[in-house]
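Coordinate inspection notes
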Amino acid sequence: MDLGIRGKRVVVAGGSRGIGRAIALAFAQEGAAVSICARGEAGLRDAEAALKQTGAKVHAASCDLGDGPAVIGYVEAAAAALGGLDILVNNASGFGTTDDEAGWAAAINVDLMGTVRASQTAIPHLQKAGGGSILHVSSIAALIPTGRNPPYGAIKAALVQLTMTQALNLAKSNIRVNCLAPGSIEFAGGVWDKAKTENPALYNRMLGNIPFGRMGRVEEMANVALFLCSDAASWVTGQTVAADGGQLLS
C-alpha cells in the first residue's frame, strides 16, 4: 500500500532516540523530508547521520522542548528548511515521574507545553499547505491509574484530551490530529533496557503483564505513527491508539 508519504515535510519534535528516532527514520525511508530536534547534541547528530543515509532531505537542530521561545524558533526554522510543513509529530517527554515540584514541572513544561507550543507554531504552516496531520505521542499510562509516576500519567492523559479538542477545531482546516499511546517499549538506553539490569523485579513484573511475553519495539510504534499520519488514515482523527501488545488487557 502506498501511504502517500513521499514528498511530505515532517517535523519530529524529540527525534534523536527511541520511538522518536524510529518514527523519523520511517518517514525518511518512505521519501519524506524530515526535521528532528533534541537537547543532546551527540545523539542528535548520530540520528541526523542515520536519516541522511536514507537519501532524504534532513534538518536537525538542538532544542530544549521545555523552553517556549526555543520551541517556536525550532519549528519555524524547520518549516523554512523543509519549505513548509505537512506533518508534526510531538514525541518528547521530560519524564516527570516524581510526585514533587520537579516532577510535575518536567511533565508540564515538556510533555504538555512543548506539545502545545509546537502545535500552535506548526498549525499555520499546515493550513498554508492545505491541511496535514498532527500526532501526539502519549502513553498507556494516560489510560490507567499509576502509582509509580503520577505526573507522567496525568500529563499524558492531558495529551489525549488535547488530541480530541484539536481534532474538532482543526477539521475545518483539513488537519487531522491523533494520538499514539505506546505500552512498555524497550530500546538501547531506554527506561526498560535500564530496568532489566537495575530493577529486574519491576522489569519482569511488567513483562508478565504483556500477553505476548515481550516488550514492544520502537519500529512497531513507528509503523503505527506512519499510518496515522498518512493518507491511508484520511478518515481517522481525534483518536488515541494504544499500541501495547495487549498490555492494557491484563
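Our structure is the block above this text.
Please read these numbers as outputs of a predicted model, since none were measured by experiment. (Residues numbered from 1 in each chain as written. Predicted model: local features only at pLDDT ≥ 70, side-chain atom pairs only at ≥ 80, totals over all residues. Heavy atoms only, no water.)

**Side note on the pairing of strand β5 (residues 132-137)**
The element β5 is extensively covered by neighbouring structure, given that six of its six residues are classed as buried. Neither face of β5 is open: one carries Gly132, Ile134 and His136, the other Ser133, Leu135 and Val137, and all of them are buried. In this structure, strand β4 (residues 87-90) lies alongside β5, joined through four bridges in parallel fashion. Note that in β5 the partner of Leu88 across the bridge is Ile134. Remark: the β4/helix α4 (residues 101-128)/β5 crossover connection has right-handed handedness. Alignment of β5 against strand β6 (residues 175-182), held across six bridges, turns out to be parallel. Each bridged residue has a counterpart across the sheet, and for Ser133 the counterpart in β6 is Arg176. Regarding the hand of the β-α-β motif, the stretch spanning β5, helix α5 (residues 150-170) and β6 is right-handed. (Buried < 20%, exposed > 50% of the residue type's maximum accessible area, 1.4 Å probe, protein only. Helix = DSSP H or I, 4+ residues; strand = E, 2+ residues; numbered from the N terminus. Pairing = 2+ DSSP bridges. Right-handed = clockwise from strand over helix to strand, strands pointing away.)

**Section: the sheet that holds strand β3 (residues 58-62)**
Overall, parallel pairing links the seven strands, which are arranged β3-β2-β1-β4-β5-β6-β7 in an open sheet. Unpaired on one side and paired on the other, β3 and β7 (240-243) mark the two borders of the sheet. Going across the sheet, the axis of each strand differs from the next one's by a mean of 15°, ignoring polarity. On top of the sheet, helix α3 (residues 68-82) reaches β1 (9-13), β2 (33-38) and β3; it is set at about 155° to β2, its chief contact. (Axes fitted to C-alpha atoms, helices over the stretch in contact; angles between N-to-C directions. Contact = heavy atoms within 4.5 Å.)

**Some thoughts on the nonpolar core**
Val12, Ile23, Phe27, Val34, Ile36, Leu51 and Val89 are the most contacted members of the largest nonpolar core, which totals 37 residues. For this core, the elements supplying multiple residues, two or more each, are β1, α1 (18-29), β2, α2 (41-52), β3, β4, β5 and α8 (218-229). Considering every element that reaches this core, the biggest residue donor is α1, with eight residues. Residues within four places of Val12 in sequence aside, it is in contact with Gly20, Ile23, Ala24, Val34, Ser35, Ile36, Cys37, Tyr74 and Val89. With 26 residues, the next largest nonpolar core counts Ala13, Ile123, Leu126 and Ile175 among its residues. (Core = buried A, V, L, I, M, F, W, Y, C linked by side-chain atoms within 4.5 Å.)

**Some details on the side chain of Gln166**
In this fold, Gln166 is placed in helix α5. By relative accessible area, Gln166 is classed as buried at 11%. With residues near it in sequence (within four places) discarded, Gln166 still touches Ser119, His136 and Val177.

**Describing unusual backbone geometry**
Positive phi outside glycine occurs at Phe95, with the angle close to 50°. The exposure class of Phe95 is partly exposed, given its relative accessible area of 44%.

**Structural notes on the packing of α1 against α8**
One way to put it is that α1 packs onto α8 with a least axis distance of 8 Å and a crossing angle of 55°. The orientation of α1 relative to α8 falls into the category oblique. Two packed elements cross with a definite hand, and for α1 against α8 that hand is right-handed. Across the interface between the two elements, Gly18, Ile19, Ala22, Ile23, Ala26 and Phe27 of α1 pack against Val218, Glu219, Met221, Ala222, Ala225, Leu226 and Cys229 of α8. Its residues assigned to classes, the contact of α1 with α8 shows eleven nonpolar, one polar and one charged. (Parallel < 35°, antiparallel > 145°, perpendicular 65-115°, else oblique. Left-handed = near helix turned anticlockwise from the far one by under 90°. Nonpolar A, V, L, I, M, F, W, Y, C, P; charged D, E, K, R; others polar.)

**Overview of the pattern of salt bridges**
Here the structure, examined in full by the defined rule, presents nine salt bridges. Residues Asp86 and Arg9 are paired through a salt bridge, measuring 2.8 Å at the closest nitrogen-oxygen approach. Taken together, the positions of Asp86 in the loop between α3 and β4 and Arg9 in strand β1 put the pair 77 residues apart, joining distant regions of the chain. Given the relative accessible area of 10%, Asp86 is considered buried. Note that Arg214 is salt-bridged to Glu220, the shortest N-O span being 2.6 Å. Since its relative accessible area comes to 31%, Arg214 is described here as partly exposed. On the accessibility criterion, Glu220 (27% relative accessible area) is partly exposed. One network of salt bridges, in which partners are shared, links Glu41, Arg45, Glu48 and Lys52. (Salt bridge = Lys/Arg side-chain N within 4 Å of Asp/Glu carboxyl O.)

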